[in-house]
Amino acid sequence: MANYRDTGVVLRTIRLGEADRIVTILTPEHGKVRAVAKGVRKVKSRIGARLEPLTHVDMLCWRGRELDIVTQVEVVDVFRAIRSDLARLGPAMTMLEIVDQVTVDHQGSPALYTLLVRALRSLEATASPVTLAAFCLKLLMVEGVGPSVDFCTHCGREEPLVAFDAGEGGFLCHACRRGQAVSPEVVDLAKRICSGGLARALTEPEGPTVEALERIATSAVEHHLDRRLRTTRHQLTEETTPA
Amino acid sequence: MKERTVICSVCFNIGLAELCSICADPKRDPSIICVVEDPRDVIAVEKSSSFRGRYHVLGGALSPLEGIGAEQLHVRELLGRVERDHIAEVIVCTNPNLEGDATAMYLSRALKHTGVRVTRIASGLPVGADLEYADEQTLGRALDGRRDVDA
Ligand SMILES: [Zn+2]
Ligand SMILES: [Zn+2]
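Worth saying up front: this structure is predicted, and the values here are computed from it rather than measured. (Residues numbered from 1 in each chain as written. Chains lettered and ligands numbered in written order. Predicted model: local features only at pLDDT ≥ 70, side-chain atom pairs only at ≥ 80, totals over all residues.)

Quick word on the domain arrangement of chain A
All names here are of chain A.
- Each assigned domain of chain A is listed here: domain 1 (3–78) and domain 2 (81–225).
- A C-alpha centroid distance of 29 Å is found between domain 1 and domain 2.
- Residue-level contacts link 15 residues of domain 1 with 16 residues of domain 2.
- Those elements that place two or more of their residues in the side of domain 1 that touches domain 2 are strand 1 (3–16), strand 2 (20–26) and strand 3 (32–37).
- Looking at the side of domain 1 that touches domain 2 residue by residue, the class counts come to seven nonpolar, five polar and three charged. (Domains from an automatic or database assignment. Contact = placed C-beta atoms within 7 Å. Helix = DSSP H or I, 4+ residues; strand = E, 2+ residues; numbered from the N terminus. Nonpolar A, V, L, I, M, F, W, Y, C, P; charged D, E, K, R; others polar.)

Quick look at the sheet that holds strand 6 (residues 161–165) of chain A
- Read across the sheet, three strands follow the order 7-6-8 (chain A) without closing on themselves; strand pairing throughout is antiparallel. Strand pairing shows two members of the sheet lacking a second neighbour, strand 7 (170–173) and strand 8 (180–181) of chain A, which therefore form its edges. (Pairing = 2+ DSSP bridges.)

As for helix 7 (residues 208–225) of chain A
All names here are of chain A.
- Helix length check: helix 7, at 18 residues, gives a terminal C-alpha distance of 25 Å against a target of 26 Å (1.5 Å per residue), a fit within 8%.
- All of the buried residues in helix 7 are Thr-209, Val-210, Leu-213, Glu-214, Ile-216, Ala-217, Thr-218, Ala-220 and Val-221.
- Downstream of helix 7 by one or two residues, Asp-226 has phi in the positive range, about 60 degrees. (Expected span 1.5 Å × (residues − 1). Buried ≥ 20, exposed ≤ 12 C-beta atoms within 10 Å, placed from the backbone.)

Here we look at the environment of Ile-22 of chain A
Residues and elements named next belong to chain A.
- Structurally, the position occupied by Ile-22 is in strand 2.
- Taking the number of C-beta atoms within 10 Å as the measure of exposure, Ile-22 has 15 and is therefore partly exposed.
- Ile-22 sits 13 residues away from Ala-35 along the chain, and the two C-alpha atoms are 5.6 Å apart.
- Excluding its chain neighbours within four sequence positions, the residues that come into contact with Ile-22 are Thr-13, Ile-14, Leu-16, Arg-34, Val-36 and Leu-67.

Focus on the sheet that holds strand 5 (residues 89–92) of chain B
Residues and elements named next belong to chain B.
- If you trace the five strands from one edge of the open sheet to the other, you get 4-3-5-6-7, paired in mixed fashion. Edge strands, defined here as strands with exactly one partner in the open sheet, are strand 4 (54–57) and strand 7 (147–148).
- Inspection of the sheet shows strand 3 (residues 32–36) paired to strand 5 by four bridges, in the parallel sense. Note that in strand 5 the partner of Ile-33 across the bridge is Val-90.
- Here helix 1 (residues 39–48) sits on the sheet and contacts strand 3 and strand 4; the angle it forms with strand 3, its principal contact strand, is near 125 degrees.
- Of the strands in this sheet, strand 3, strand 5 and strand 6 (117–120) are in contact with helix 3 (residues 98–111), which crosses strand 5 at around 165 degrees. (Axes fitted to C-alpha atoms, helices over the stretch in contact; angles between N-to-C directions.)

This is the structure we're talking about:
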């Protein structure tokens, strides 16, 4: 049982020594795997390209004492459209970072893997600006800390929800309000995402509602991780002034 | 005794004076800039003998996962050079991987308003490989076959 086969999404790679890399991969069966890919930085390497971040792979690994070793890789999907569009690559990188941060080695659930693959496929197909916010809310649900969207998180009453507080873990009514004020449109979009209306939510156009929901969804994830995210939505599309 | 190395004030390559030997060489074409991640990549491209312009060393590539954005790289200085120095072409010679490609797209977009031609080395180099491991012929072919980058 020293060899195992699994599919997975490459989350990140770091250089190791002269020509190797340590590759972090989220799999459904083996959780988050860290494995050495030998010689991949050499130009003649045949598996190097297949172990880039944001690649969906089918692989064969040898189980090592500390780190596993990747012995064979087949590409399932490289998400070409995401890679060639900075407006999609930024959110995709944020999703990879969140998944890496929310898991420890050899842990992770099939549900988390499925969520990541679906979100990436959706982003590849549609470029919806809602993808990252939806991914964050769904991830919190998978983690068991999904925000309540139907009643006030604090008092439990079915009052109109007017605020969001990451510390409270959800939306709040007028009486309990604290944190970030939110519009009814933002609450409605969150409701659609969390209760079976994802496909319709993804058709929402870019605008203040989507941006506000993304801000509160990423802040809720940051609160859950107890850490700020390094990747930001606009990191790859920000302007630079000449020096 | 080892000579003291300094960072070139124009291209951020490693040299022995405030201007590196390539920026100081009047025989090098000043209208073409080859953008690389690292001074080691300058050595790799020089070995290929396929390039007669000048360089710009970014000091890395855009890497959202490592928290490296444009402001951590010498991007502003590149924009300044292109706007000031009548540059005709910028060849983006970053590593052929996710970060290198993202950097090429970013630069192409950031330079769009200047009207400069932005090209990317051809895909003769396999994805995931490091430029500094490329042999001279492969790198030379990749430079010769460069293509325009869509912003
Ligand atoms: Zn309440
Ligand atoms: Zn120089």
